[in-house]
Every structure is written in C-alpha cells, then in structure tokens.
Amino acid sequence: MSVPKIRIHGLNGGEWRSEGDYVLYWMVSSRRSRWNYALQYAVERAREMAKPLVVLEAIRCDHRWSSERIHRFVMDGMADQGVAFAQTSALYYPYVERQKDEGKGLLEAMAQRACGVVTDLFPGFFLPRMLGGAGGRVQVALEAVDSNGLLPLRAAETVFSTAYAFRRFLHKTLPPFLLEMPEASPLSGVTLPRLGRLPVEIVRRWPAITAEELAQGASFSGIAVSRAVRPVVGVRGGEEAAQKRMRSFLAHGLGRYAEERNEPALDVTSGLSPYLHFGHLSTHEVFAALVEREGWEMARLGKATGQREGWWGMSKEAEAFLDELVTWREVGFNMAYLNDQYDQYASLPDWAKQTLDEHRQDPRPYLYSLAEFEQVKTHDPLWNAAQHQLMREGKIHNYLRMLWGKKILEWTRSPEDALAVMIELNNKYALDGRDPNSYSGIFWVLGRYDRAWGPERPIFGKIRYMSSDNTARKVDVKEYIARYAP
Ligand SMILES: Cc1cc2nc3c(=O)[nH]c(=O)nc-3n(C[C@H](O)[C@H](O)[C@H](O)COP(=O)(O)OP(=O)(O)OC[C@H]3O[C@@H](n4cnc5c(N)ncnc54)[C@H](O)[C@@H]3O)c2cc1C
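Residues numbered from 1 in each chain as written. Predicted model: local features only at pLDDT ≥ 70, side-chain atom pairs only at ≥ 80, totals over all residues. Heavy atoms only, no water.

**Student:** Can you break down helix α4 (residues 127-137) residue by residue, with the values?
**Tutor:** When α4 is considered as a whole, its buried residues turn out to be Leu127, Leu131, Ala134 and Gly135. Seen along its axis, α4 keeps its buried residues to an arc of 110°; they face one direction. Opposite the buried face of α4, by more than 90 degrees, sit the exposed residues Arg129, Gly132 and Gly136. On its buried face, α4 sits against β2 (22-27), α3 (106-112), β5 (114-120) and β6 (141-145). (Buried < 20%, exposed > 50% of the residue type's maximum accessible area, 1.4 Å probe, protein only. Helix = DSSP H or I, 4+ residues; strand = E, 2+ residues; numbered from the N terminus. Arc of directions from axis to C-beta. Contact = heavy atoms within 4.5 Å.)

Structure below.
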C-alpha cells in the first residue's frame, strides 16, 4: 500500500471481505477528489480486490450549527465532485438529508454489501463520536485515514502547549513525512470494474441529490435546514473555487504576506481556511504549490532550532505562511486529537485559569448578553464592524478576530461565559468554524499557547490584553469600520 501505515486507523477490528460487491469510501471531512490519502487508500483496496469503488458523501440537516450557509458551501463541493468523479470509474453518491434522521441507516445499508469501508479521520466537532458509533454498527472493516496535515496525527504522542515547542518537534520529526505526498489524482488512469448503480432499495429510500438540486443549494424547499444563517454572497465552496483561491493567493497575496498580513483593510491573507476546513483543499497540495514556486528541495532544510524563520529554507513570505499553515494549524489538530477536553474550559493552562479566577469578581466596564453581541449592539464601532463582517461574510480578519475575542472576555460576566459566546458566534457564522483551529483561536484568547503578560490588568489578569484603541494605532481600521459598519 502506498498510503503510510501511520495514517490508517482501524476503527472496529472488522475484516475486509472479498465477497462484497464494492469498496465503500465514506467521505466525511476530506471532501475532495485530489491529494486525498483516504481516497487513494480506497482506490488501492478496490484495485487489489478487483472491485468497484463507491464514494458516499453525505450531509445531515440538523447537526449543531447546521445552516444554509454551511449547506451551500458543502453542496458546492458536491457539485464539483459530481463532475470530477464522472470522469472516473468510481460511482459517486452525494446524499443530502432532507428531513431530520432520514439519513439514518444509509451507511449501514451500504456497508452491508461492501468489502470494507474507508473513511476520513477528523479530530473535532461531532465526527470522532460519529465514527466511533459507526465502528460498532458496521460489520466489515471500517478504517479511517488521516489526511489532515503534513504531520500525521499519530506522529506526536504528547499535547504541545506552545507553538514554539510544537515547531521544535516539527523541525525534528517532519522531514521524512515531507517525502511522502498523497497522489494528486488518485483515480486518473485507473480502471476499476464499474458499478452502474446501487441496489434499488438503497436508491429508493435514500435518493442521491441531483446536479440540479445541488445547483440550487439548501434553499430548495425540500431540505429542512435552519434558514437563520444565510449563504455568503459571492463565495463558492468546492474544489474548483479552492484551486482558484490558492492560485490567486500564490500569484498576488503571498509576496506581500510577511509584511501586510496583519492589515485588515488589505486582505492579503489566503482566505483558504474554509476550504481547508471542509477538506475541499489539502495542505499537501498547498505545500506542493509552494515547493514549485520556490524551486525548493529537501536539502534546503536548516537546523532544528524551533525558530519561526529559517528552517524551511524558503523565501521570507513562504516561511511566514508555512508557519501559519503548518505550525499553527497543526498544533490545533494535535490538541484536538490527543485531548478529549480540547473544547472545554478545563483544558486551559493552569496559570491562565488561576489568573482568570483571581479576577473573576472584577467589575466589567460593559456587560453584554449573547443576544446583544449577536445583534451587534455593543458601544464599540470596531468590535461591531468585526461581528458584522463575521455575520455577512462568514469571516473576520485574523488580527481583528483576536481583538473580537479579547473584548468578549472583557464584556461578559465570567471567562466561562466568554468562552461560550465565542464558540457560539464563531461556529454559527464562520465558514471555517467548528474546526480544531476554531478552538485554538478561541482558547488562545484565554491563554492557550500563550504566556503570562504584565502588567496585570483588571479582568484579564496576566492574560494578554488587547484594546480597540491600540489596534487602531497599529493597523488602519478606519476603512474597515466604514466597510463593515452595521
Ligand atoms: C478568536 C479566534 C477564532 C478563530 N477561529 C478560527 C476558526 O474557526 N477556524 C480557523 O481555521 N481558524 C480560526 N482562527 C485562526 C485564524 O484566524 C484563521 O485561521 C485565519 O484568519 C484564516 O484566514 P486565512 O485562511 O486567510 O489565513 P492565512 O493567514 O492565509 O493562513 C493560512 C492558513 O493557516 C492556518 N492559520 C492561519 N492563522 C492561524 C492561527 N492563528 N491559528 C491556527 N491556524 C491558522 C489556517 O488554516 C489558514 O487558512 C481563529 C482565531 C481567533 C483569534
């Protein structure tokens, strides 16, 4: 098998059965036809057993925070995949649940006829629970493949509490994994036996969504999904849009990234986080594109120092970008994978909990409820603009996202309340929400991955402080406020 063993996680100890009708790939987080270890593994199994390959991509209509916004993005991806898989010998089966619980039983029904089931490993949101449950219900082998990042999740056995410690670990551990890349197009040039259609009882009870319905998105009347959060106008999900975005960033944004990425008005960051979150784009593919841009080779890797710059042996801007894409992104995956409490207040470092506790009774200059935050009713025009951007565009520029969180800490009754408000607003509105990095960012506001700072301040204690006035001094916010004023 060409997929590294370290990335394959058996979920139920079940056997592969040669009497099955097909190999099933249940695509749950790496929602793409390219640079995808799970798809590559499923293709290899199918070739080995000379069986057809069925790819099931599904979405439930009632998971926590499910909304038209998320459905639209995922369904755009399904439309792209329909086109991509039509050119291969695999059978692609996109399923969008129309009414709550209608999708129940589909996986088991498909698995009953399968030789074995391959799925994606994703260490956050409800997916670990969902996969754990499926392990008990699927009789044949159920194996999850980790395509999450350059470093396989299993390669680290401890949780890292600072980006510096994780970076040092990466410098020592990552090089051999950089020699292993998933195939760009695991199905191209591969001929598998074709399965014309699935058994009629499956197709009747759980009909695949059609290309026409996908084009309409969740707004078509048959899907019972919350209409409270509307799709983002002008933003398309899916592999095609992800490719376009990546190419445009490499051509026009990356050169300015090191110097200008903190400027909210300039918009030079990649905008790739929603595509990475939904698996429409792979970090391996982004890394390969950087390697090509930089004419890079392994011999350029420097000494393992843990320093942010200089290890990769790439241009300044590429190194700055890789520090976000690899160090910061993957330290969050490490936390979510190894710490069951990654989304709980209890998982904050002790020093942070202690200092927040010592300032629990401090008077708050303003107090807002979740509803007031959500209705953009604070006294602060910069905070309101950030919240408005989140609601309208499903994102906030990273620098202002930090400020957004710090102010919620300052204006709520307790740090636990602040955490709950941040999680709710971020995960409800952000296209990249519900990700391990949602929790990295939100918990960073409360001290995760950070150190104690002085002087000690009311409410924050030793937690790093940010203010709108300071932010306005450091970066140009006038244009931003004008653009996003509610
Ligand atoms: C309060 C708060 C909430 C956040 N919530 C999320 C979230 O829900 N989902 C999410 O992906 N990120 C979150 N972040 C991290 C960061 O804001 C976003 O990853 C980044 O702004 C995405 O924009 P981009 O793709 O243009 O980033 P770029 O600057 O182009 O970076 C490229 C990629 O690197 C990763 N990355 C960049 N910055 C960070 C960071 N600080 N931490 C971890 N990974 C990073 C992302 O995958 C990003 O797409 C949050 C940060 C804060 C302070």
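**Student:** So what about the domain arrangement of the protein chain? Which residues, and what values?
**Tutor:** Splitting the protein chain by domain gives domain 1 (1-147), domain 2 (239-338) and domain 3 (345-484). Computed over C-alpha atoms, the centres of domain 1 and domain 2 are 27 Å apart. With 20 residues of domain 1 at the contact, the number on the domain 2 side is 18 residues. Summing the contributions of domain 1 and of domain 2, the shared interface buries around 1700 Å²; its carbon and sulfur component is 62%. Its largest share of buried area at the contact with domain 2, domain 1 owes to Trp35, Phe73 and Pro123, together 37% of the area lost on that side. One can count one salt bridge joining domain 1 with domain 2. Residue Glu285 is joined to Arg34 by a salt bridge in which the shortest nitrogen-to-oxygen separation is 2.6 Å. Taken together, domain 1 and domain 2 are joined by eight residue pairs in polar contact (both at pLDDT 80 or more). When residues of the side of domain 1 that touches domain 2 are assigned to their parent elements, the largest contribution, seven residues, is made by helix α2 (residues 68-86). Residue classes in the side of domain 1 that touches domain 2 are distributed as nine nonpolar, six polar and five charged. (Domains from an automatic or database assignment. Buried area = accessible area lost by both parts, 1.4 Å probe. Salt bridge = Lys/Arg side-chain N within 4 Å of Asp/Glu carboxyl O. Polar contact = N/O pair within 3.5 Å; in protein donor to acceptor, adjacent residues only side chain to side chain. Nonpolar A, V, L, I, M, F, W, Y, C, P; charged D, E, K, R; others polar.)

**Student:** Any details on the site of the ligand? Residues and values, ideally.
**Tutor:** Within the structure, the ligand sits among 23 residues, and Tyr257, Thr269, Ser270, Gly271 and Ser438 are positioned closest to it. Taking Ser273, its main chain carries an N or O atom lying 3.0 Å from an oxygen atom of the ligand. Between the ligand and Glu324, the relevant distance is 3.1 Å, taken from a nitrogen atom to a side-chain nitrogen or oxygen of the residue. Protein burial of the ligand: of its 820 Å² of free accessible surface, 93% is covered by the chains. (Near = heavy atom within 4 Å. Areas by Shrake-Rupley, 256 points an atom, 1.4 Å probe, with all protein chains shown as cover.)

**Student:** Summarise the side chain of Thr355; cite the residues concerned and give the values.
**Tutor:** Note that Thr355 resides in helix α13 (residues 350-358). Within the local environment of Thr355, its side chain forms a polar contact with the backbone nitrogen of Lys462, the two atoms lying 2.9 Å apart. Discounting chain neighbours no more than four positions away, the residues touching Thr355 are Glu456, Phe460, Gly461, Lys462 and Ile463.

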